[in-house]
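Letter by letter, the chains look like this.
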Amino acid sequence: MGAPREVWVQVARVPEVRAAGVYVVQAGRYTIALFAEGDRIYAVDNRCPHMGFPLHRGTLRDSLLTCHWHHARFDLRTGGTFDLWADDLTVFPVEIRGDEVWVNLSPSGDARGRARVRLEDGLKHGLPLVLAKTVLRLLELGEDSVEIFRIGLSFGVRHRRDGWGPGLTILTAMMNLLSDLDPSDRPRALYHGLAAVATDVEDSPPRFPVRPLPGAADPDRLQRWFREFVEVRDAEGAERCLASAIAAGLPPAIIAEMIFAAATDHRYLAVGHALDFANKAFEALEIAGWADAGLVLTSLVPILVRGERMEENVTWRHPVDLVGLLERAFEALPVLRPSPEGRWAGPEALIPVLLGEDPEAIVDALLGALREEAPWAEVAGTVALAAALRIVHFSLHNEHGDWDTALHTFSFAHAVHQAMRRFPSPALLRGVFDAAMSVYLDRFLNVPPAPLPEPRAPTAPDRLMETLAALLDRQGAVQEAASVVAGCLQAGGEASPVRAALGHALLREDRDFHTIQMMEAAFRESAIWRGTRWEPFFLIAAARYLAAHAPTRRAQEQIYRIAERLHRGERLYEV
């Protein structure tokens, strides 16, 4: 294809522009402001690129154009801004033909490339409105959401010295949620994920990755060394081992075994976040590809090395020594082998024990299921179900912060379940037992247990978003929201409209790391348990948790709505 044909349009006469100083014309789809300064006439898009204010109402001095709405400043000659939050101004080439003013309306340059640069600007400088506008623009230009995710992932692992954190976890969770969301909410989810990454790296020094070893190293030694370095909290040594293993081309399953073994060498490391982040990092690589595996996976080293170990926490030692109980149980794990189809009794027999008050009985029940050749992933999933049931029955008599205690257990159990589905190993079985002990420790959060919600008459799918949104406009609608969800799912109702409605409600609220963790884990677990009697409980848990944390001020939604209205060409300053 040849170069695009130039489109020159006669828009005004020189005398009238000079007489006016600034002259507004309509040319094609553009409203253009013509500025006369000295012996030159300049043509620019009359919409301020920040929030659309008409620039003919601004001030021009010495070729510096100032928009009076937010005082963004632009070089009239090039369109470049001196305020990065404002974006560059579209400038149209001008020709004077006699006393006629002609402008060139042809698109110039690489629009997608410019948008990608602006995405980087938004991430580097923490500009949420820029991120929202750029996501909408890139999707309009045909950019794949995976590529947008890849840019955010690459930026996050390079620019946060402390490595993988909540921002990258939120970004990956949002990508996991996309298929559950209404199409109109998918750009909103990408915006939330990217903005979370930008917030996470703000004021953080960049990360300087450690190089791999200069020559080939024995894979078995690298695995042993990695765990030893994590054990003694040597971040530099651990990172070099892991970087070397990845550079050597070891298979993902071997790399996963290294990381998950280190994450479960200690009990419930970093309140479960270490294993949760590790699982999210592997999910991110499934989405973005293995090319940046070295940067992504070595970013996990800080939390593996620094995370609090529950051996050091009194609640895991007294009045019952849960750590000692688990260490004795772990002696049996190396002789167990995964079985795709076991003879076990299933979740129905295990759930009452997991929700009981006898930790020794819980350990024995888990070992019994494994000895019956229960599929390891199903056992992990059953523990995740028990953790979700703690939230279903979470008593509203607890302190508000106790919601997060139950959330941490569920998020961790879900991460163990997902990791086990990908990379089954005895190391991850230790995580199953850790999650079960955390479920046990949370038992008093169900005293007294909240009753199962009374199902409301099913809401029509096309009204569900509206119904839930109205409930979540007021505080404390915990049981009411759960009742709506239960009503829609009773008698085998389809779960996808419920997930879409809950996802829409989530994205209206200000970003909260734990709420996003809760929703994403519940959505994915409900999909795994689809068609079983247990499927609704995950979405009921999600509805209760979300309702307990809504409404927020919704400042982030206001930013997104501004971007959306600007993208549609609306005049914000007039409404």
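Please refer to the structure higher up on the page.
Please read all numbers here as calculations on a predicted model, not as lab measurements.

Student: Explain the sheet that holds strand β1 (residues 8-13) to me, and be specific about the residues and the numbers.
Tutor: Reading across from one edge, β1-β10-β9 is the order of the three strands in this open sheet, with antiparallel pairing throughout. The open sheet has two edge strands, β1 and β9 (94-97), and neither has a second partner. The average undirected angle you get between the axes of adjacent strands in this sheet is 30°. Direction of pairing for β1 relative to strand β10 (residues 100-104): antiparallel, over a ladder of five bridges. Residue pairing across strands places Trp 8 opposite Asn 104, the latter belonging to β10.

Student: Can you break down the pattern of salt bridges residue by residue, with the values?
Tutor: A full pass over the atoms with the stated rule returns 38 salt bridges. The shortest N-O distance in the salt bridge between Arg 118 and Asp 87 comes to 3.1 Å. Taken as a pair, Arg 118 in helix α2 (residues 111-125) and Asp 87 in the loop between β7 (73-75) and β8 (91-92) lie far apart in primary sequence, 31 residues in all. Here Asp 434 makes a salt bridge to Arg 267, at a shortest N to O gap of 2.6 Å. With a gap of 167 residues between them, Asp 434 in helix α18 (residues 426-441) and Arg 267 in the loop between α9 (252-264) and α10 (273-288) connect regions that are remote in the sequence.

Student: For the sheet that holds strand β4 (residues 40-45), give the residues involved together with the corresponding values.
Tutor: As summarised here, the arrangement of the four strands in space is β2-β3-β4-β8, forming an open sheet in which the pairing is antiparallel. In the strand order of this sheet, the two ends are held by β2 (22-27) and β8, each with one partner. Relative to β8, β4 runs antiparallel, the two sharing two bridges. Looking at β8, one finds that Val 44 is bridged to Val 91.

Student: Before we move on, can you summarise the state of the cysteines with the specific residues and values?
Tutor: This model, assessed by the stated rule, comprises zero disulfides. With no disulfide of its own, Cys 67 lies 3.9 Å from the sulfur of Cys 48, the closest cysteine sulfur. Cys 67 sits in the buried class, given a relative accessible area of 2%.

Student: Go over helix α15 (residues 359-371), please, and point to the residues and values.
Tutor: An ideal rise of 1.5 Å per residue puts 18 Å on 13 residues; α15 measures up with 18 Å between its terminal C-alpha atoms. Looking at the buried side of α15, the elements it contacts are α13 (322-330), α14 (347-354), α16 (376-392) and α18. With a side-chain oxygen positioned 3.1 Å from the backbone nitrogen of Glu 360, the residue opening α15 is Asp 358.

Student: How would you sum up the packing of helix α8 (residues 235-247) against α9? Please name residues and give values.
Tutor: For the pair α8 and α9, interaxial distance at closest approach is 10 Å and the crossing angle is 165°. In terms of orientation, α8 lies roughly antiparallel with respect to α9. Crossing of α8 against α9: the hand is left-handed. Contact residues: Leu 242, Ala 245 and Ile 246 in α8; Ile 255, Met 258 and Ile 259 in α9. Here the contact of α8 with α9 is composed, by residue class, of six nonpolar, no polar and no charged.

Student: Tell me about the environment of Tyr 560, residues and numbers included.
Tutor: Within the fold, Tyr 560 resides in helix α24 (residues 555-567). In sequence terms Tyr 560 and Ala 27 are 533 residues apart; their C-alpha atoms lie 29 Å from each other.

Student: Break down the side chain of Asn 104 for me, citing the residues and quoting the values.
Tutor: Turning to its location among the elements, Asn 104 is positioned in strand β10. Look past the residues within four positions of Asn 104 in its chain and what remains in contact with it is Glu 6, Val 7, Trp 8, Phe 92 and Pro 93.

Student: So what's going on with the packing of aromatic side chains? Which residues, and what values?
Tutor: Counting across every chain of the model gives 17 aromatic pairs. Aromatic side chains Phe 277 and Phe 513 sit 6.3 Å apart centroid to centroid with 65° between the ring planes, which places their arrangement in the edge-to-face category. Taken together, the positions of Phe 277 in helix α10 and Phe 513 in helix α22 (residues 513-528) put the pair 236 residues apart, joining distant regions of the chain. Comparing Phe 277 with Phe 513 shows no difference in burial state: the two are buried. Centre to centre, the rings of Trp 403 and Tyr 545 are 5.8 Å apart; their planes meet at 85°, and the pair counts as edge-to-face. Taken together, the positions of Trp 403 in helix α17 (residues 402-422) and Tyr 545 in helix α23 (residues 535-548) put the pair 142 residues apart, joining distant regions of the chain. Comparing Trp 403 with Tyr 545, the two get one shared label, buried. Members of the aromatic cluster, connected to one another through ring pairs, are Phe 53, Trp 69 and Tyr 573. In this structure, Arg 97 is placed above the aromatic ring of Trp 102, and the distance from its NZ or CZ to the ring centre is 4.3 Å.

About the criteria used
- Residues numbered from 1 in each chain as written.
- Predicted model: local features only at pLDDT ≥ 70, side-chain atom pairs only at ≥ 80, totals over all residues.
- Heavy atoms only, no water.
- Pairing = 2+ DSSP bridges.
- Helix = DSSP H or I, 4+ residues; strand = E, 2+ residues; numbered from the N terminus.
- Axes fitted to C-alpha atoms, helices over the stretch in contact; angles between N-to-C directions.
- Salt bridge = Lys/Arg side-chain N within 4 Å of Asp/Glu carboxyl O.
- Disulfide = S-S within 2.5 Å.
- Buried < 20%, exposed > 50% of the residue type's maximum accessible area, 1.4 Å probe, protein only.
- Expected span 1.5 Å × (residues − 1).
- Contact = heavy atoms within 4.5 Å.
- Polar contact = N/O pair within 3.5 Å; in protein donor to acceptor, adjacent residues only side chain to side chain.
- Parallel < 35°, antiparallel > 145°, perpendicular 65-115°, else oblique.
- Left-handed = near helix turned anticlockwise from the far one by under 90°.
- Nonpolar A, V, L, I, M, F, W, Y, C, P; charged D, E, K, R; others polar.
- Phe/Tyr/Trp six-rings, centres within 6.5 Å; stacked < 30°, edge-to-face > 60°.
- Lys NZ or Arg CZ within 6 Å of the ring centre and 35° of its normal.

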